[in-house]
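# Reading the structure
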Amino acid sequence: MDAVETILGRLTLEQKASLTSGGDFWHTQAVPEAGVPSVMVTDGPHGLRKQSDAGDAMGLGGSDPATCFPPAVTLGSTWDVGLARRVGEAIGAEALAAHVAVVLGPGVNIKRSPLCGRNFEYFSEDPLLSGRLGAAWVAGVQSRGVGTSLKHYAANNQETDRLRVSADVDERTLREVYLPAFEHIVRQEQPTTVMCAYNKLNGTHASEHHWLLTQVLRQEWGFAGMVVSDWGAVSNRVAALAAGLDLEMPPSGTDQQVVDAVHSGDLREEVLDEAVRRVLTLVAREQSLPEERPAVDPDAHHALAREVAAAGAVLLRNEAGLLPLDPDGTEALAVIGELARTPRYQGAGSSQVVPTRLDAALDAVRALAGDERVHFAPGYTLDGPADATLVDEAVETAREASTVVLFLGLPSSAESEGFDRQDIALPAGQLALLRAVRAVNERVVVVLANGGLVSVSGWEDQAEAVLEGWLGGQAGGSATADLLFGRANPSGRLTETIPLRLEDTPSWLFFPGGEQHVRYGEGIYVGYRYHHTLGDPVAHPFGFGLSYTTFDLADLVVHRTGPNAAEVSVTVTNTGPVAGSEVVQVYVHDRAASVDRPEHELKGFAKVPLEPGASGTARIPLAPEAFRFWSPGRGRWVVEAGEVEVRVGTSSADIHLVEVLDLEGDGVLPELAASSTLDEWFAHPVGGPVLRQALAEGGGRDLGEVDAHERAILGAMPLGKLSAFGLGVPRAAVDALVEQVRAER
Ligand code: BGC
C-alpha cells in the first residue's frame, strides 16, 4: 500500500466519504482503484469472535473457534497486570494468525450497578483498577501488531435503553469515576482505536460529542488513533464526523450525506480528510505486517485460560479450613449441580466466543479425585422449573458423601448484553436445593458461576466454604478442580462490593432511569466509595478474598519522591503453610479536603506471590494523580496542600497500616471575587491575610465584634454584599482587594 498522504491525494470526495463508513459488517471499506484494501475487525474482548461468514453484533450467529479466555469480570479479579498482558498477547497472536486487524476491546466501563447485564464484560467498580488491567491487556494485544478498540466511550453503564438513553453525569463524576480508565489507557498505551458508546452523554449522542471525542480525548489526552462507532451508534454521519468520529460501523449507506455536506459547506473537507487519514493509517498498519503469520498453540492458550480462571476465583468463605479437599483421600464426594456438568463460562452477546474446547468441572474433579469417589447429581435444570425428583436424588447423594461440592449460579438467560438484570439473587430453586442438601450434610462447599455479582445474604452461612468462580472461560472447569484440591491457591480479590441488599447500592434510586434519561445521582460515590463514606456494612468489601495461606503486612514506609508524590513500600510475609499470592492495596484518605471526597480511594496495588515463610517487598508509586480531585469551579484537577493518610490493606475494609503524608499541593488556588463568601476569603492563603489586613485598617463594623452565631451566618455571605449590612469593607474597596489578590498570587 502506498503512503497514506499519497493515497489521500488521489481519492475523490466520494471515495473519501465511503472510507469513513464500513465496507460490510466486519470490514473497512476498500477502494481498489486507489490501492486501498479493507481490513477486518472482530470482537473481543476475551477471545476472538471472527465471523468468516455473515456478521451480527449480538453473538447470535456462529464464529470460528478461538480460545475463550475468562471474561473481564474474572480477569479483573486476578488483580494481576502481568496476567492481563499475557492474555492480551495470546489474543493478539490469535488475531494476527486470523488476519484480524483490530480486536474490539477492552471494555472499561465502570460497574455502576450490579444490575448491568454486561458487567461480566467490565473489570471493576473502580476506575484505577479498570485502567491498569485494561492498559496491560491493550499492551499485550498491540505487542503482536494487532490493534485494539477501547470501549464503550463513555458512560455506557447500563443496557436498558442503551441506544437512546442519556447518561446525565456531572463533570466531576465523569472525570473522577467514568473517564479515568479511558484516560489512563490512552495516555499509557495509545490504543489503535477508541469505540464511542451507544448512549448519549448529557443529552448529546456519544457519537456526536465533540467535547468527548475531540476536546478531551484528542486535545487533552493526546489520542492519536481512530475513533470508531459502536455498531449502529451513529445517527447523523455529518455531525459525527464534525465531532471527531472517524469510522461508522457497520455501514449505513449514507455516504452521499457526507458528500452533500462538503458541497454545501456544512462539513469542512479538512475534517473529512482527517478522518480518512486515520482510517488509512489503520489499514496501512495492518498491511505492514508480514503475510506469513505465526501459528498459535491452542494447548498453551488453553493452559493460560486455566491459569487466569484459577487466579480470578475469589474464596469468599472457608470455615474451619474445609478447603482445599484432599485429592488423595478416599471418602466419597458428592458433586451436585447441573453447572458442574454444563459449565457457564462466558456471557451472552457480542463477546461470545466459540471455544476451541471446553472443560467441565465434573470431569476435572473426577480426573483429580478418581471416578469411584465422585458421585454426581444435577439437582436442578438450568432454565426449567424446580424439579422435586432432582432435588430428592441430590439429597440422597449428599447424604452418602463426606463432603458436598454444590455448583450454583446464574443461567445464561439471567444476564446478557442487551438487557439489565432485575435482581441479584440466585435462582430460588437453587437456594432451596442448598437448604435441602445442608439438612443432610454439614460439609457443603458452594462453587458459584455468574458474570454479574450475586447476593450471598440469607444463604452464605449454610455453606462451610464459598468459592466465587465468576465465568471461567473454556478452562474454568479444570481451574475449579485445581482450586478445590489445592493445586492452585485462591488469590482473586473482589473488584466490586457485594452488598447486603441490592437496595444498599448507591445507584439504586436512579438506575436505570426513565424517559430516556438516567441521572447519575450518586455522583462520585460509586461502589466502595459510597459504602465506606457512609460506614455502611456490606456482605463482602471491595478487594476482599481469602487464601489457603495467611499473610502479614509490615514495615510501611511512605517515602516522599516529590512535592505531591511518594513511593509506598511494605513487607509482605507468607505466614501460612502453602505458596500463595497477596494483593497489597493502597488507599488514600484526604484528611482536610475543601470539597467532599470519598472516605478513601484505591490509588495503587501489587500482587505478590510468595512461598511459605517467604517475605517480599511491594513497592507502589503514588503520582500526584493519586491525590487530586476535579474542581468544576476551576475546570481542572487540583492537589491541595495538607495531610493525607496512606492506608495499606488487603481490602477496602481491612486496612493494616497507615502513614500520614504532608502534601505541598499544586498551588492552584480558587479565584476570589466580590461574590466569594467571607469564609472563602478567610480560607484563601492569599486572600485571607489581605482581607484581615484591610479589616484591621478599618472600614465598617469590625467583624471581630460579631458573636459565633452571627459569624456562622455572615460566613456564607459574599464579601461584596457585607457592606450593605454595615459590615466588612466598603463595596468599592472589595474590588481593590480582588485586584490585590490577583496580583499577589
Ligand atoms: C457492542 C460492542 C461490539 C459491537 C460489535 C455492539 O453491540 O456494544 O461491544 O464490539 O457490537 O459486535
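In what follows, the structure referred to is the one given above.
Remember, it's a predicted structure, so these values are computed and weren't measured experimentally.

### Some points on the overall build of the protein
For the protein, the helix and strand inventory stands at 23 helices and 24 strands. Each of the three principal axes of the protein carries a C-alpha extent, and together these read 95 × 70 × 50 Å. In the protein, which comprises 745 residues, the share counted as buried stands at 61%. When contacts within the protein are restricted to residue pairs at least 6 apart in sequence, long-range pairs at least 24 apart make up 75% of them. Accessible surface, the protein as shown: approximately 27,000 Å² in total, 51% of it carbon and sulfur. Here the protein holds 59 positive side-chain charges and 101 negative ones, and the gap between their average locations is 2 Å.

### Some words on the pattern of salt bridges
All told, the structure shown has 51 salt bridges when counted by the stated rule. In this structure, Asp 43 engages Lys 151 in a salt bridge whose closest nitrogen and oxygen atoms are separated by 3.5 Å. Taken together, the residues span a long stretch of sequence, with Asp 43 in the loop between strand S1 (41-42) and helix H3 (72-77) and Lys 151 in strand S3 (residues 147-153) at a distance of 108 residues. Judged by its relative accessible area of 5%, Asp 43 falls in the buried class. Taken together, the salt bridges that share partners define one network made up of Glu 5, Arg 218, Asp 246, Glu 274, Arg 277 and Arg 278.

### Some remarks on the site of the ligand
Taken together, 15 residues form the shell around the ligand, and within it Asp 43, Arg 118, His 152, Tyr 198 and Asp 230 come nearest. Between the ligand and Glu 417, the relevant distance is 3.1 Å, taken from an oxygen atom to a side-chain nitrogen or oxygen of the residue. In isolation the ligand offers 310 Å² of accessible surface; the protein chains occlude 100% of this area. Residues that form the shell around the ligand fall into these classes: 6 nonpolar, 2 polar and 7 charged.

### Things to note about helix H23 (residues 731-744)
Over its 14 residues, H23 runs 20 Å from end to end, which matches the ideal 20 Å to within 8%, given 1.5 Å per residue. All buried positions along H23 are accounted for by Val 734, Leu 737, Val 738 and Val 741. Buried residues of H23 fall within an arc of 105 degrees about the axis and therefore sit on the same side. Facing away from the buried side of H23, by more than 90 degrees, are the exposed residues Ala 732 and Ala 743. The secondary structure elements touched by the buried residues of H23 are helix H19 (678-683), helix H20 (687-696) and helix H22 (719-722).

Here is what the cut-offs are and how they apply
- Residues numbered from 1 in each chain as written.
- Predicted model: local features only at pLDDT ≥ 70, side-chain atom pairs only at ≥ 80, totals over all residues.
- Heavy atoms only, no water.
- Helix = DSSP H or I, 4+ residues; strand = E, 2+ residues; numbered from the N terminus.
- Buried < 20%, exposed > 50% of the residue type's maximum accessible area, 1.4 Å probe, protein only.
- Contact = heavy atoms within 4.5 Å.
- Areas by Shrake-Rupley, 256 points an atom, 1.4 Å probe, with all protein chains shown as cover.
- Lys, Arg positive; Asp, Glu negative; His and termini not counted.
- Charge placed at Lys NZ, Arg CZ, Asp CG, Glu CD.
- Salt bridge = Lys/Arg side-chain N within 4 Å of Asp/Glu carboxyl O.
- Near = heavy atom within 4 Å.
- Polar contact = N/O pair within 3.5 Å; in protein donor to acceptor, adjacent residues only side chain to side chain.
- Nonpolar A, V, L, I, M, F, W, Y, C, P; charged D, E, K, R; others polar.
- Expected span 1.5 Å × (residues − 1).
- Arc of directions from axis to C-beta.

No statement about biological role is implied by the geometric values presented.
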